[in-house]
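Tertiary structure, described
Okay, here's what each chain looks like letter by letter:
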Amino acid sequence: QNISVSSNEQWTATSDATSWCTVSPASGSNNGTVKVTVTANTSTSQRTAHVTVTGTNSGDVTTIEVTQKGKKPDPPVITVNPTEIVFDNNPASPIFVTVSCSEGWTAESDSSWCKVSSQTATSFTVTAEQNQSFSARTATITVTSDSGKTATVQVTQHPNTIEREDYGDDEKKI
């Protein structure tokens, strides 16, 4: 961006944020142009600098505020580990799932037998009720970030099994 200087004397141009906002040339005489150069703002916060042009003899000062918007925040990324859980039909221990997300999140199961609990900022636990059925069953846990991004954990539970009794020679099957 350029700043036009209207003057009948020598002048200086300075920036109070030289790490990201510079001026060129730093001095001149009479009418002229000062080029203001800024580097990319890698922060999501807006920042402000002041460019000051001062008349060398008169001491007249003109200050221009330079405002640079922050970069757009990176879209949130949400990941879970593990992404698949397999329980036996009568699970004894909970499974811990780690969540990596740059914002808040919630976790919900789509099945009543598959429970999500002990949610912290970076993890939650999954437990399963005993499977009385002779069929395997599945559930999906959906982890949703505050901005709507999702990650899923697929849960499978093995079916109940029947133990076959071994009949001796003197016993009869009924």
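Above this text is the structure in question.
Residues numbered from 1 in each chain as written. Predicted model: local features only at pLDDT ≥ 70, side-chain atom pairs only at ≥ 80, totals over all residues. Heavy atoms only, no water.

Next up on the list: the overall build of the protein chain. Along the backbone of the protein chain there are zero helices and 15 strands. Since a compact globule built from 174 residues should have a radius of gyration of about 16 Å, the 34 Å found for the protein chain marks it as more spread out than a globular shape. Taking the principal axes of the C-alpha coordinates as reference, the protein chain spans close to 125 × 20 × 20 Å. For the protein chain, the residues scored as buried account for 29% of the 174 residues in total. Taking all contacts inside the protein chain whose residues are at least 6 apart in sequence as the whole, residues at least 24 apart take part in 55%. Total accessible area on the protein chain stands at roughly 11,500 Å², and carbon and sulfur atoms take up 46% of it. Taken together, the 11 basic and 18 acidic charged side chains of the protein chain have centroids lying 7 Å from each other. (Helix = DSSP H or I, 4+ residues; strand = E, 2+ residues; numbered from the N terminus. Rg over C-alpha atoms; globule rule 2.2 N^0.38 Å. Buried < 20%, exposed > 50% of the residue type's maximum accessible area, 1.4 Å probe, protein only. Contact = heavy atoms within 4.5 Å. Areas by Shrake-Rupley, 256 points an atom, 1.4 Å probe, with all protein chains shown as cover. Lys, Arg positive; Asp, Glu negative; His and termini not counted. Charge placed at Lys NZ, Arg CZ, Asp CG, Glu CD.)

What follows concerns the packing of aromatic side chains. Here the distance between the centres and the angle between the planes together describe a pair of aromatic rings. Tallied over the entire structure, the rule returns one aromatic pair. Measuring from ring centre to ring centre gives 6.0 Å for tryptophan 105 and phenylalanine 124, while their planes differ by 55 degrees; the resulting arrangement is tilted. In this pair, tryptophan 105 is assigned in strand S11 (residues 105–109) and phenylalanine 124 in strand S13 (residues 123–128), connecting sequence segments 19 residues apart. As far as the burial class goes, tryptophan 105 and phenylalanine 124 line up, both buried. (Phe/Tyr/Trp six-rings, centres within 6.5 Å; stacked < 30°, edge-to-face > 60°.)

Note that strand S1 (residues 2–5) and strand S5 (residues 32–38) share four bridges and pair antiparallel. Bridged to asparagine 2 within S5 is lysine 35. Pairing of strand S3 (residues 21–24) with S5 involves four bridges; the strand directions are antiparallel. From the neighbouring strand, cysteine 21 faces S5, where its bridge partner is valine 38. (Pairing = 2+ DSSP bridges.)

As a further point, take the nonpolar core. Counting 19 residues, the largest nonpolar core has Phe124, Val126, Ile141, Val143, Val153 and Val155 as its most contacted members. For this core, the secondary structure elements donating two or more residues are strand S8 (78–81), strand S9 (84–87), strand S10 (95–101), S11, S13, strand S14 (137–145) and strand S15 (150–157). The contacts of valine 126, once residues within four sequence positions are left out, are Ile85, Phe87, Pro94, Ile95, Val97, Cys114, Lys115 and Ile141. Counting 14 residues, the second-largest nonpolar core is a separate cluster that includes Ile3, Trp11, Val51 and Val66. (Core = buried A, V, L, I, M, F, W, Y, C linked by side-chain atoms within 4.5 Å.)

On the basis of which strands lie adjacent, the open sheet formed by four strands has the order S9-S15-S14-S11 and mixed pairing. Each edge of the sheet is formed by a strand with only one pairing partner; in this case those strands are S9 and S11. The average undirected angle you get between the axes of adjacent strands in this sheet is 20 degrees. The pairing of S9 with S15 spans four bridges and is classified as parallel. Looking across to S15, one finds that isoleucine 85 is bridged to valine 155. (Axes fitted to C-alpha atoms, helices over the stretch in contact; angles between N-to-C directions.)

Moving on, we come to the pattern of salt bridges. Under the defined criterion, the tally for this structure stands at one salt bridge. As a salt-bridge pair, glutamate 129 and lysine 115 come within 3.6 Å of each other at their nearest N and O atoms. In this pair, glutamate 129 sits in the loop between S13 and S14 while lysine 115 sits in strand S12 (residues 114–117), placing the two residues 14 residues apart along the sequence. Accessibility expressed as a relative area gives 41% for glutamate 129, which makes it partly exposed. (Salt bridge = Lys/Arg side-chain N within 4 Å of Asp/Glu carboxyl O.)

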